[in-house]
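So you can see what is in the structure, the chains are spelled out below.
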Amino acid sequence: MTFDQQTIMAYVDGECDAVTTKRIEKAMASDAMLAEQIGRERALREQLASHYAPVISEEIPGRLTAMLTSAAEPNVDHSFTARKADQIHAKRQGRGFGIVQWGAMAATLALGIVVGQYGLGGGSDSPFAQQGGALIASGTLEHALDKQLASAQPDDSDYRIGLTFRAKAGNICRSFTGEAVSGIGCREGENWKMVNTLPGGAQGDYRQASSSALNAIAAEMMTDAPVDADTERTLRDSGWD
Amino acid sequence: MAFEQDLLELLPRLRRFARSLTRDINDADDLCQMALERALNKRDQWQAGTRLDSWMYRITRNIWIDTVRAAGRREHVANDEDAMANVAGDDHRRMESRMELRDVDRAMDSLPMEQREAVSLVLVEGFAYKEAAALLDIPIGTLTSRLVRGREALQRELGEAA
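A. Summary view of the overall build of chain B. Per the secondary structure count, chain B includes eight helices and zero strands. Residues counted as buried form 36% of the 162 residues belonging to chain B. Long-range pairs, those at least 24 residues apart, make up 64% of the contacts in chain B with a sequence separation of at least 6.

And the structure:
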């Protein structure tokens, strides 16, 4: 009895029905060529499987795990988005914040847009102040960067903290997303200097675009992987040194 | 965060899948990163109760196809002189092992995309024919004929290399 290539392959892959399996096994006992052919197919399967198997136990790059840790994707927390939706909508209406063209956003810094929106007054409503020519966090944004942990985000905060990481310059930086502004702040002295800011976004797509862009920027800035929750707490308690 | 946690657990397998598709470790991780990004953005489209792994493999595969088509097929020509230089000093067994690794990579890379993805899903990732066919949106008959052709080409490539 002869079997076509497809049937032999299916047998090796465990895809044959019971009757065909029995026929093949019976034939193999007396057909050396068939046995050899099946042996080759099995060897190929094993060769491929064992070639790629080590990938499973490789350490996964931080840039991938960072996307999935609780701190990394605050913007896809839909319950949070839903809770905030009405409030956000009202604020956006009030401030006349227009739809931003996100297409080319990821690689560009939209600092001007954001600053233009808020001014640099450092007033209670402004997330920024100017100090020595640098833009630093102010008000509730400063408070969030100072105190808020990615692992314990208060519902009533205007900001969600994303990644906390050590930049190549050695200082600690933290990414954040907010209703109208998102960005990365880096520790300089007692302040959080704004390194990148992007218009925030209340609704899902904008928040996601914003956070993905920030994660990409952060990945370029960091020396190592983002810190874990315990380290983040320790850093906070020691003043982000 | 169950969704993220499930993706995290899937990551080693996705990386393996991406590696068998792209061969290059950096290309593979770039592919995974794009797949994760798309999954996070489109998480609403995943139906709880269905298999997340199939959904992720499908996303990964679609991005790979798009990327390769957009970029034109990039040739990863193995530099045998480099390979020999790298293994110089290794003992004979390890050298053989390394050369074999390169051979499998090279053989996989020589397959047309539709054969490579079929081989990868069934022979490397262990999907059943039915699952792999559904994931690729093709009839089972199409999958099995791609598998037969892919296997024949691999046997030929690896037979010559041996």
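B. Quick look at the nonpolar core. Counting 80 residues, the largest nonpolar core has Leu14, Ala35, Leu36, Val122 and Ala132 of chain B as the members making the most contacts within it. Here leucine 14 of chain B is in contact with Cys32, Ala35, Met56 and Thr60 of chain B, once residues within four sequence places are set aside.

C. Fine view of the confidence of the model for chain A. On average, chain A scores 75 in pLDDT, and the residues at 70 or more come to 71%. Scored below 50 in pLDDT, residues 71-113 of chain A makes 60 contacts in the model with residues more than four places away or belonging to other chains.

D. Quick peek at the interface of chain B and chain A. On the side of chain A, 28 residues touch chain B, which itself brings 32 residues to the contact. Taken together, the elements giving at least two residues each to the side of chain B that touches chain A come down to α1 (2-22), α2 (25-41), α5 (92-109), α6 (113-124) and α8 (140-161) of chain B. Across the side of chain B that touches chain A, the residue classes tally to 18 nonpolar, five polar and nine charged.

E. Spotlight on the environment of threonine 144 of chain B. In this fold, threonine 144 of chain B is placed in helix α8. A residue is classified by how many C-beta atoms lie within 10 Å of it, and threonine 144 of chain B, with 22 of them, is buried. Sequence-distant contacts of threonine 144 of chain B, that is, excluding residues within four places in its chain, are made with Gln6 of chain A together with Tyr129 of chain B.

F. Here's a closer look at helix α3 (residues 32-52) of chain A. Residues and elements named next belong to chain A. For α3, spanning 21 residues, the distance from its first C-alpha to its last is 30 Å, which sits close to the expected 30 Å at 1.5 Å a residue. Taken as a whole, α3 has its buried residues at Ile38, Leu44, Leu48 and Tyr52. When α3 is viewed along its axis, its buried side chains cluster within an angular range of 115° and face the same direction. Opposite its buried face, α3 presents the exposed residues Ala32, Glu36, Gly39, Glu46 and Ser50, each directed more than 90 degrees away.

G. The environment of aspartate 103 of chain B, seen in detail. Looking at the secondary structure, you find aspartate 103 of chain B in helix α5. A sequence separation of 54 residues divides aspartate 103 of chain B from glutamate 157 of chain B, and the C-alpha atoms of the two residues are 8.0 Å apart.

H. Seen up close, helix α3 (residues 52-71) of chain B. Residues and elements named next belong to chain B. An ideal rise of 1.5 Å per residue puts 28 Å on 20 residues; α3 measures up with 28 Å between its terminal C-alpha atoms. Those residues of α3 not exposed but buried are Met56, Tyr57, Ile59, Thr60, Arg61, Ile63 and Trp64. Contacts from the buried residues of α3 go to α1, α2, α6 and α7 (129-136).

I. Representation of the packing of helix α1 (residues 5-12) of chain A against α3 of chain A within the structure. Residue and element names in this part refer to chain A. At their nearest, the axes of α1 and α3 sit 10 Å apart, and the two run at 55° to each other. In terms of their interaxial angle, α1 and α3 are classed as oblique. Seen from above, α1 lies across α3 with right-handed handedness. On α3, the residues that touch Ile8, Met9, Tyr11 and Val12 of α1 are Gln37, Ile38, Glu41, Arg42 and Arg45. Its residues assigned to classes, the contact of α1 with α3 comprises five nonpolar, one polar and three charged.

J. Quick look at unusual backbone geometry. Phi at tryptophan 240 of chain A is positive, roughly 60°, even though this residue is not glycine. In this structure, tryptophan 240 of chain A sits in the segment after α10 (229-237). Its identity as a non-glycine residue notwithstanding, aspartate 137 of chain B has a phi of 60°, on the positive side. Residue class for aspartate 137 of chain B comes out exposed when judged on the 9 C-beta atoms lying within 10 Å of it.

About the thresholds
Residues numbered from 1 in each chain as written. Chains lettered and ligands numbered in written order. Predicted model: local features only at pLDDT ≥ 70, side-chain atom pairs only at ≥ 80, totals over all residues. Helix = DSSP H or I, 4+ residues; strand = E, 2+ residues; numbered from the N terminus. Buried ≥ 20, exposed ≤ 12 C-beta atoms within 10 Å, placed from the backbone. Contact = placed C-beta atoms within 7 Å. Core = buried A, V, L, I, M, F, W, Y, C linked by C-beta atoms within 7 Å. pLDDT = per-residue confidence, 0-100. Nonpolar A, V, L, I, M, F, W, Y, C, P; charged D, E, K, R; others polar. Expected span 1.5 Å × (residues − 1). Arc of directions from axis to C-beta. Axes fitted to C-alpha atoms, helices over the stretch in contact; angles between N-to-C directions. Parallel < 35°, antiparallel > 145°, perpendicular 65-115°, else oblique. Left-handed = near helix turned anticlockwise from the far one by under 90°.

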